[in-house]
Amino acid sequence: MARLTNKICVITGAARGIGLAIAQAFHAEGAQVILTDIDAVEGEAAAAALGARFFPLDVADEAAWDALAREVPRADVVVNNAGITGLGDHTHPHDPENTPLSEWRRVHQINLDGTFLGCRFAIRAMKATGKGSIINMSSRSGLVGIPGAAAYASSKAAIRNHTKSVALYCAGQGWAIRCNSIHPAAIMTPIWEQMIAGAPNRDAALAAMVADTPLRRFGRPDEVAALALLLASDEATYITGSELDIDGGLLAGSAASPK
Ligand SMILES: NC(=O)c1ccc[n+]([C@@H]2O[C@H](COP(=O)([O-])OP(=O)(O)OC[C@H]3O[C@@H](n4cnc5c(N)ncnc54)[C@H](O)[C@@H]3O)[C@@H](O)[C@H]2O)c1
């Protein structure tokens, strides 16, 4: 028996990277997957390759969520995966001293407002059955300070907290609607291209990124998808309000050697 048979699963930011890997994993386990993304061209192509549905959705756009709710009134699993670092255009540093307010707000609109709207959509789409799984993509950056990506780190920390509010709210209503956050670090997807853009030696720049990771490599999107699959499935019915790290051991210790 497949693990997600007949479950309706909505995934944001599913055109590529981690979101696409989650869509593929859910589809392979019998789910009715609805891929959504702001990039309709890449999203349509990804959905067509899978034989799944696509719905264009900018997660920061409340009206777009309302349109999705009319199209998909019931859901069993919602993965709030879409996110940006805000570092893509390289016009301004994103440290606490120099981040423009407009860029601070843009990162929070997509990462945090998008997750809030996604959770609200999910609760409304799940409460008729009284059960479901909401999975929010936070980050290792939501658990530690990141001086060069302060807006991203702040938004991911807020996602971690909101996840727990949603979990407690749903439990308090007597619903078996669970909500958990995943905290990846260094998963090899296009998001990293922005980080190393302009580096003279791409391989050296990538190796430097994981030099402090105990497993000494980048993670793969399918490894994150395996964790999302567990949370989505009925094997995880007692897991709610939790945060799950997937980071090659990075948060287990410190880059500083013990004295
Ligand atoms: N890759 C990593 O190392 C890593 C680490 C920690 C957390 N994450 C988180 O995992 C999630 C996926 O990251 P990824 O590495 O696959 O990134 P990615 O850049 O490869 O993919 C992100 C997807 O989100 C979509 N998107 C961007 N803005 C959107 C919007 N406003 N509305 C809807 N879709 C939008 C993009 O079109 C893209 O398809 C993000 O939330 C990211 O912060 C990634």
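Below, the structure is looked at part by part. (Residues numbered from 1 in each chain as written. Predicted model: local features only at pLDDT ≥ 70, side-chain atom pairs only at ≥ 80, totals over all residues. Heavy atoms only, no water.)

## Some points on the sheet that holds strand 6 (residues 176-184)
- Strand order in the open sheet made by the 7 strands is 3-2-1-4-5-6-7, with parallel pairing throughout. A strand with exactly one partner marks an edge of an open sheet, and here the two such strands are strand 3 (53-56) and strand 7 (243-246). Here the strands of the sheet are splayed against their neighbours by 20° on average, with no regard to which way each runs.
- As paired elements, strand 2 (residues 32-37) and strand 3 share 4 bridges and run parallel to each other. By the bridge assignment, Ile34 is partnered in strand 3 with Arg53.
- Contacting strand 2 and strand 3, helix 2 (residues 40-50) crosses the sheet at an angle of about 165° to strand 3. (Pairing = 2+ DSSP bridges. Helix = DSSP H or I, 4+ residues; strand = E, 2+ residues; numbered from the N terminus. Axes fitted to C-alpha atoms, helices over the stretch in contact; angles between N-to-C directions. Contact = heavy atoms within 4.5 Å.)

## Observations regarding the side chain of Thr36
- Inspection of the secondary structure puts Thr36 in strand 2.
- A polar contact of 2.9 Å, which involves the side chain of Thr36, links it to the backbone oxygen of Ile11.
- Discounting residues that sit within four places of it in the chain, Thr36 has contacts with Val10, Ile11, Thr12, Gly13, Ala14, Ala15, Phe54, Phe55 and Leu57. (Polar contact = N/O pair within 3.5 Å; in protein donor to acceptor, adjacent residues only side chain to side chain.)

## Here we look at the site of the ligand
- Close to the ligand lie 28 residues, the nearest being Arg16, Asp37, Tyr152, Ile187 and Thr189.
- With respect to the ligand, the side chain of Lys156 contributes an N or O atom lying 2.8 Å from an oxygen atom.
- A total of 830 Å² of accessible area belongs to the ligand in isolation, and the protein chains cover 95% of it.
- For the shell around the ligand, the secondary-structure elements that each account for two or more residues are helix 1 (17-28), helix 5 (150-172) and helix 6 (191-196).
- Here the shell around the ligand is composed, by residue class, of 16 nonpolar, 7 polar and 5 charged. (Near = heavy atom within 4 Å. Areas by Shrake-Rupley, 256 points an atom, 1.4 Å probe, with all protein chains shown as cover. Nonpolar A, V, L, I, M, F, W, Y, C, P; charged D, E, K, R; others polar.)

## Some thoughts on the packing of helix 1 against helix 8 (residues 221-232)
- Where helix 1 meets helix 8, the closest approach of the two axes is 8 Å, and the angle between their N-to-C directions is 55°. By the criterion of interaxial angle, the relationship of helix 1 to helix 8 is oblique. Considering the relative orientation of helix 1 and helix 8, their crossing is right-handed. In this structure, helix 1 uses Gly17, Ile18, Ala21, Ile22, Ala25 and Phe26 to contact helix 8, whose residues at the interface are Pro221, Asp222, Val224, Ala225, Ala228, Leu229 and Ala232. (Parallel < 35°, antiparallel > 145°, perpendicular 65-115°, else oblique. Left-handed = near helix turned anticlockwise from the far one by under 90°.)

## Looking at the pattern of salt bridges
- Taken as a whole and judged by the stated rule, the model has 11 salt bridges.
- Two residues, Lys164 and Glu243, come together in a salt bridge whose shortest N-O distance is 2.7 Å. Of this pair, Lys164 sits in helix 5 while Glu243 sits in strand 7, and the two are 79 residues apart along the sequence.
- Taking the relative accessible area as the measure of exposure, Glu243 reaches 29% and is therefore partly exposed.
- Residue Asp222 pairs with Arg220 through a salt bridge whose shortest N-O separation is 2.8 Å.
- A residue is classified by how much of its surface remains accessible, and Asp222, at 41% relative accessible area, is partly exposed. (Salt bridge = Lys/Arg side-chain N within 4 Å of Asp/Glu carboxyl O. Buried < 20%, exposed > 50% of the residue type's maximum accessible area, 1.4 Å probe, protein only.)

## A few points about the nonpolar core
- Grouped together as the largest cluster of nonpolar side chains are 34 residues, with contacts concentrated most on Ile11, Ile22, Phe26, Val33, Leu35, Ile135 and Ile182.
- At the level of secondary structure, the elements contributing two or more residues to this core comprise strand 1 (8-11), helix 1, strand 2, helix 2, strand 4 (77-80), strand 5 (131-137), helix 8 and strand 7.
- Non-local contacts of Ile22, meaning those with residues more than four positions away in its chain, are made with Ile11, Val79, Met137, Ala225 and Ala228. (Core = buried A, V, L, I, M, F, W, Y, C linked by side-chain atoms within 4.5 Å.)

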